[in-house]
Amino acid sequence: MNAQPNRYKLLIADDDPMERDLIRLEAERLGHEVVEAADGTQAWQALQEPDLPRILIFDWKMPPPTGPELCELIRFSSTDTMPYVYIILLTGRDHQEEIVAGLVAGADDYMIKPPDREKFEARIAVAQRVLARSDRLAALASDLGLANAMLGKFSQELAHDLRNTINTVSGHAYLLLNAPDPIDDNARVSANAIRSAAQRMTMMVNDVLVLETTSKELLRESFDIRSLIGEASVDTPNLDVLIRRLPDVIVAHRASIHRSFKNLFDNAARYARRADDQSVKVTIDCEEDANSWRFSIDDDGPGVPEIDHPVIFDAFRRGASTVDDIGLGLGLSIVAACARSHHGSVSVASAPEGGARFVMTIGKPTPETETSELDEQVLTA
């Protein structure tokens, strides 16, 4: 047996009272609550109520706004909090041009006046199915949003507890290494290994948190990009950075851009396979247009194998040419996440002179950009 379809409140907007009565009787026969409007203004007012009608039947020609004009108002002026409404346009003529214009304006369906009972019932049934599916998807999205918020909060709390535990382990290892009574060589090797492992674990915790927080819109500020690149490169040993063209300032989330360049520098140094006394050379260039900054970061390493190109920015993926087991494989996925949160992207290719070329595009802010604050301590850790 088929499930009984959901009943939705109907709005009938038509300046002809006889047409409204005819449709109202058919809708009530099907068990729907009906709201009537004599013109477009009354119809628009009915849609401002908390319990708004979900199936809307608009006459094409009525005192303004007309049926198509109401469609445009609803589809292009409504807020994201407004549930989906199903719109049927009533027209007195079966003209292809009118039907197409109505659908383009935002209508879901149309009916020819006067509506045939069987066709009317069938079209209302379609509206019920569409709205029921829309409501189920909206409920699912709400549940996922709540689950995601809870997961984010759990990640923050878990990271805090892990950091405290890691700091305790690292602190005890430090005390052993600096105890008044010297420890033997085997104990010193073990204590150093504990401190090194604790540092790697801290880096992993920070990387996971950065990946989670960059799913949000980032708070932007204006800053000197040259100074930031200098700061990002200082902790990477044996790195020579050559700057060709850069803007004086950019407007972006400073901490995440800093983290992106640092990860790209660390990636270049890790895969370059240089001897201890040789430097890795990285060249940075930037092209700017009205919508974005496009940074090219070239290194003189062995390049990225073609097999890794499709997956190199995926979280928890390590490249085929990985030379050590440090980290979780999140470095480049964080770069990609930061670029996406700036309405940009990142890609990899072969540099003209060998090595790898990473292209990171950062979208410029627009007046419509919404911002929310992130945990600066996590991003700069």
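Residues numbered from 1 in each chain as written. Predicted model: local features only at pLDDT ≥ 70, side-chain atom pairs only at ≥ 80, totals over all residues. Heavy atoms only, no water.

Quick notes on the sheet that holds strand E3 (residues 55-59)
Step number 1: If you trace the five strands from one edge of the open sheet to the other, you get E2-E1-E3-E4-E5, paired in parallel fashion. If you trace the sheet from one side to the other, it starts and ends with strand E2 (34-37) and strand E5 (109-112), each paired once. Taking each pair of neighbouring strands and ignoring which way they run, the sheet shows an average axis angle of 20 degrees.
Step number 2: Relative to strand E4 (residues 86-91), E3 is paired through five bridges, and the arrangement is parallel. Each residue of the ladder has a partner; that of Ile57, found in E4, is Ile88. (Pairing = 2+ DSSP bridges. Helix = DSSP H or I, 4+ residues; strand = E, 2+ residues; numbered from the N terminus. Axes fitted to C-alpha atoms, helices over the stretch in contact; angles between N-to-C directions.)

Points about unusual backbone geometry
Step number 1: Omega for the peptide link from Pro64 to Pro65 comes to 0 degrees, which places this bond in the cis form.
Step number 2: Tracing the chain through its elements places Pro65 in the loop between E3 and helix H3 (67-77).
Step number 3: With an omega of -15 degrees, the peptide bond between Lys113 and Pro114 qualifies as cis.
Step number 4: Within the secondary structure, Pro114 sits in the loop between E5 and helix H5 (117-177).
Step number 5: Backbone geometry places Asn238, a non-glycine residue, at a positive phi of 55 degrees.
Step number 6: The residue Asn238 is located in the loop between helix H7 (225-233) and strand E7 (239-243) in this model.
Step number 7: Although it is not a glycine, His343 adopts a positive phi angle of roughly 60 degrees.

Some remarks on the sheet that holds E7
Step number 1: Pairing within the open sheet is mixed, and its five strands lie in the order E7-E9-E10-E12-E11. In this open sheet, the two edge strands, each paired with only one partner strand, are E7 and strand E11 (345-350). Ignoring which end each strand starts from, the neighbouring axes of this sheet average 20 degrees apart.
Step number 2: Pairing geometry for strand E10 (residues 292-299) and strand E12 (residues 356-363), over seven bridges, is antiparallel. The residue bridging Asp298 from the neighbouring strand is Arg357, located in E12.
Step number 3: The strands touched by H7 within the sheet are E7, strand E9 (280-288) and E10, with E7 carrying the most contacts at an inclination of about 165 degrees. (Contact = heavy atoms within 4.5 Å.)

Description of the nonpolar core
Step number 1: Ranked by internal contacts, the top residues of the largest apolar core, which has 34 residues, are Ile225, Phe261, Phe295 and Phe358.
Step number 2: Among the secondary structure elements, those contributing two or more residues to this core are H7, strand E8 (249-252), helix H8 (254-272), E9, E10, helix H9 (331-341), E11 and E12.
Step number 3: Sorting elements by how many residues they give to this core places H8 first, with five residues.
Step number 4: Ignoring sequence-local partners within four residues, the contact set of Phe295 consists of Ile225, Leu246, Ile250, Phe261, Asp285, Cys286, Phe358, Val359, Met360 and Ile362.
Step number 5: Ranked by size, the runner-up nonpolar core spans 19 residues in total, among them Ala46, Phe58, Cys71 and Ala105. (Core = buried A, V, L, I, M, F, W, Y, C linked by side-chain atoms within 4.5 Å. Buried < 20%, exposed > 50% of the residue type's maximum accessible area, 1.4 Å probe, protein only.)

Points about the confidence of the model for the protein chain
Step number 1: Confidence in the prediction of the protein chain, expressed as mean pLDDT, is 82, and 83% of residues score 70 or more.
Step number 2: Note that pLDDT drops below 50 for residues 321-328; the model gives that stretch 22 contacts with residues more than four away or on any other chain.
Step number 3: Throughout residues 370-381 the model reports pLDDT below 50, and contacts reaching past four residues in sequence, or to other chains, amount to 34 contacts. (pLDDT = per-residue confidence, 0-100.)

A short note on H7
Step number 1: For H7, the full list of buried residues reads Ile225, Leu228, Ile229, Ala232 and Ser233. All buried residues of H7 project into a common sector of 130 degrees when viewed along the axis, lining one side.
Step number 2: With a side-chain oxygen positioned 2.9 Å from the backbone nitrogen of Arg226, the residue opening H7 is Asp224. (Arc of directions from axis to C-beta. Polar contact = N/O pair within 3.5 Å; in protein donor to acceptor, adjacent residues only side chain to side chain.)

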